[in-house]
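Chain by chain, the residues:
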Amino acid sequence: MKKLKVLTVFGTRPEAIKMAPLVKALEKNDQIQSIVCVTAQHREMLDMVLRIFEIKPDYDLNIMKNRQSLSDITVGVLKGIEEVLNKEEPDIILVHGDTSTTFTAALAAFYQKIKVGHVEAGLRTGNMYSPYPEEINRKLTATLANLHFAPTEENYKNLINEGIDGKNIFITGNTVIDALLQVVKPNYFFKVDELNKIDFVNKKVIAMTCHRRENQGKPMEDIFEAIKEVVAADESVEVIYPVHLSPAVREIAFRVLGDVKGVHLIEPLEYEDFANLMNKAYMIITDSGGLQEEAPSLGKPILVVRTETERPEAVAAGTVRVVGVNKENIVKETRKLLQDNHEYNQMANAINPYGDGRSSERIVKALLDNIGIL
Ligand code: UD1
Ligand code: UDP
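Residues numbered from 1 in each chain as written. Chains lettered and ligands numbered in written order. Predicted model: local features only at pLDDT ≥ 70, side-chain atom pairs only at ≥ 80, totals over all residues. Heavy atoms only, no water.

Labelled according to an unreviewed UniProt entry, the chain appears under the name UDP-N-acetylglucosamine 2-epimerase (non-hydrolyzing), originating from Alkaliphilus serpentinus. UniProt lists a comment for the chain under the heading Sequence similarities (unreviewed entry), and it reads "Belongs to the UDP-N-acetylglucosamine 2-epimerase family." (UniProt positions renumbered as here; feature names shortened; annotations may be inferred.)

> Give me the lowdown on the overall build of the chain, citing residues and values where you can.
Counting its secondary structure elements, the chain contains 16 helices and 13 strands. Scaling as 2.2 N^0.38, a compact globule of 374 residues should have a C-alpha radius of gyration of about 21 Å, and the chain matches this with 20 Å. The principal-axis extents of the C-alpha atoms in the chain amount to approximately 65 × 40 × 40 Å. Out of the 374 residues belonging to the chain, those deemed buried represent 59%. Contacts spanning at least 24 positions in sequence make up 68% of the contacts within the chain whose residues lie at least 6 apart. (Helix = DSSP H or I, 4+ residues; strand = E, 2+ residues; numbered from the N terminus. Rg over C-alpha atoms; globule rule 2.2 N^0.38 Å. Buried < 20%, exposed > 50% of the residue type's maximum accessible area, 1.4 Å probe, protein only. Contact = heavy atoms within 4.5 Å.)

> Before we move on, could you go through the pattern of salt bridges and cite the residues and values that matter?
Evaluated as defined, the whole model comprises 37 salt bridges. Here Asp98 and Arg138 are joined by a salt bridge, their closest N and O atoms 2.9 Å apart. Linking Asp98 in the loop between strand E4 (92-96) and helix H4 (100-111) with Arg138 in helix H5 (residues 134-144), this pair joins segments that are 40 residues apart in sequence. One salt-bridge network, in which partners are shared between bridges, spans Lys18, Asp98, Glu120, Glu135, Arg138, Glu293, Arg306, Glu310 and Arg311. (Salt bridge = Lys/Arg side-chain N within 4 Å of Asp/Glu carboxyl O.)

> Which residues make up unusual backbone geometry, and what values go with them?
Here Ser130 and Pro131 are connected by a cis peptide whose omega angle stands at -5°. Structurally, the position occupied by Pro131 is in the loop between strand E5 (115-119) and H5. A positive phi angle, close to 55°, is found at Ala40, a residue other than glycine. For Ala40, the position within the fold is in the loop between strand E2 (32-38) and helix H2 (44-52). Although it is not a glycine, Asn187 adopts a positive phi angle of roughly 55°.

> Account for the site of ligand 2, with residues named and values stated.
Around ligand 2, the surrounding shell holds 16 residues, and the nearest of these are His211, Leu269, Ser288, Gly290 and Glu294. Between an oxygen atom of ligand 2 and a side-chain N or O atom of Ser288, the distance comes to 2.9 Å. About the coverage of ligand 2: the protein hides 95% of its 540 Å² of free accessible area. Listed by contribution, the elements that provide at least two residues to the shell around ligand 2 are helix H1 (13-28), helix H11 (271-280) and helix H12 (290-298). By residue class, the composition of the shell around ligand 2 is nine nonpolar, four polar and three charged. (Near = heavy atom within 4 Å. Polar contact = N/O pair within 3.5 Å; in protein donor to acceptor, adjacent residues only side chain to side chain. Areas by Shrake-Rupley, 256 points an atom, 1.4 Å probe, with all protein chains shown as cover. Nonpolar A, V, L, I, M, F, W, Y, C, P; charged D, E, K, R; others polar.)

> Run through the sheet that holds strand E1 (residues 4-10), naming residues and quoting values.
Ordered in space as E3-E2-E1-E4-E5-E6-E7, the seven strands form an open sheet in which the pairing is parallel. The sheet is open, and its two edges are formed by strand E3 (59-60) and strand E7 (169-171), each paired on a single side. Relative to E7, strand E6 (residues 147-150) runs parallel, the two sharing three bridges. Its bridge partner lying in E7, Phe149 is registered against Phe170. Along the sheet, helix H6 (residues 153-161) makes contact with E6 and E7, crossing E7 at roughly 165°. (Pairing = 2+ DSSP bridges. Axes fitted to C-alpha atoms, helices over the stretch in contact; angles between N-to-C directions.)

> I'd like to hear about a nonpolar patch on the surface, residue by residue, with values.
A cluster of nonpolar side chains, namely Met128, Tyr129 and Tyr132, defines an oily patch on the protein surface of about 340 Å² accessible area. Considering the arrangement of structural elements, one finds Met128 in the loop between E5 and H5. On the basis of relative accessible area, Met128 is assigned to the partly exposed category, the value being 45%. (Patch = residues over 30% accessible without salt bridge, like charges linked within 9 Å, V, L, I, M, F, W, Y side chains within 5 Å.)

> Tell me about the site of ligand 1, and name the residues and values.
The local shell around ligand 1 holds 25 residues, among which His42, Glu44, Lys65, Ser100 and Glu134 are the closest. Separating an oxygen atom of ligand 1 from a backbone N or O atom of Arg43 is a distance of 3.2 Å. Separating an oxygen atom of ligand 1 from a backbone N or O atom of Ser100 is a distance of 2.8 Å. Computed on the free molecule, ligand 1 has an accessible area of 740 Å², of which 94% lies beneath the protein chains in the complex. Those elements that place two or more of their residues in the shell around ligand 1 are H2 and helix H3 (70-88). Tallied by class, residues from the shell around ligand 1 come to eight nonpolar, ten polar and seven charged.

> Describe the side chain of Glu293, with residues and values.
Within the secondary structure layout, Glu293 lies in helix H12. At a separation of 2.9 Å, a polar atom in the side chain of Glu293 contacts the side chain of Lys18. For Glu293, the side chain forms a polar contact with the side chain of Asn174, separated by 3.2 Å. Beyond its immediate chain neighbours, meaning those up to four positions away, Glu293 contacts Lys18, Glu120, Leu123, Asn174, Val176, Ile177, Arg311 and Tyr354.

In structure tokens form, the structure reads like this:
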């Protein structure tokens, strides 16, 4: 019997984390021939994930440039992937989420009339500039995709409202929970020794990340100033912030927070270390998408330093609060969680709107059941 040839394409850290369990599930299935192409839109941060999950890509486009523009990524992926598609002629390619790798790989496949499956489909804010350029990347990818793997009911409805045929949409949960459940462990010992020295019991540890393009500049300065103010006023607080490798982010982070007592600016962590850091932390402050899905499952309150979110499920459940990018408001909301036990306990709910750890399995099944009818 001829196997279904599936080419999985990804390029950044979050795509890699969320595609890794799916790649493993594809590899295990004997009806499928699995091929992996990384664009390496990220280099070091991608390689860290490939190492942890032991994935050896068949193709590596190696496109990353220092301070790359959106056009740099788009051109690099479009040209690089053309050759891979010509050579492999897959039955379908799988892309993930909303990065420029995602949209461009889907476009390249469409140019060759190759089917596209979109993993983590249907997330929307309704604002084309927030997150930027991700909202448009995922809408364009939905237009190009033949199969849509939506994490939640809400995501399904967003796609239906845009005119996508319901028979091509599958509610699968989010594969990030598959990945998270593999790495979070009780009594975890960190590989980065600095973390083993943190007093997670007597201190209130805030795990933090911040990198979004629309926050770079003044909003990011204000977010970091807010952190500085919170830490200066409360000795029991320690902030651990693995700083993204983007020079645009690092310049602001090290300038504003570099010498602040109580703030640990560290290098990006391997996924195992970071997931277990979240699990041991008191709370989380972030503008990341993935953290908004992971933290609720760990029962950690999370303040989102953005003006809107495409992940309303955890907001509705009370675990996530969108606090914007105004300095005073971030200080106020953070203090509330640090000082008010009732407020904290109300948000510290372990909920699981994003999956049960079996999303990859559902995607593989939907692929095999439906590819024949496309
Ligand atoms: C990208 C995605 C964003 C995703 C984020 C996850 C786009 C347009 N943006 O944003 O959706 O949320 O990844 O982190 O697709 N760099 C390194 N080494 C690395 C990674 C990045 O040096 O391993 C530096 C390079 O100078 C690079 C810059 O960071 O040019 C920015 O990387 P880029 O992928 O363009 O943007 P991100 O902000 O990472
Ligand atoms: N993460 C990680 N190491 C870190 C910081 C984050 O492995 O030092 C993980 C995090 O758990 C989540 C993902 O990286 O799964 C989020 O990636 P990122 O913030 O780069 O992108 P976003 O989620 O905003 O698209």
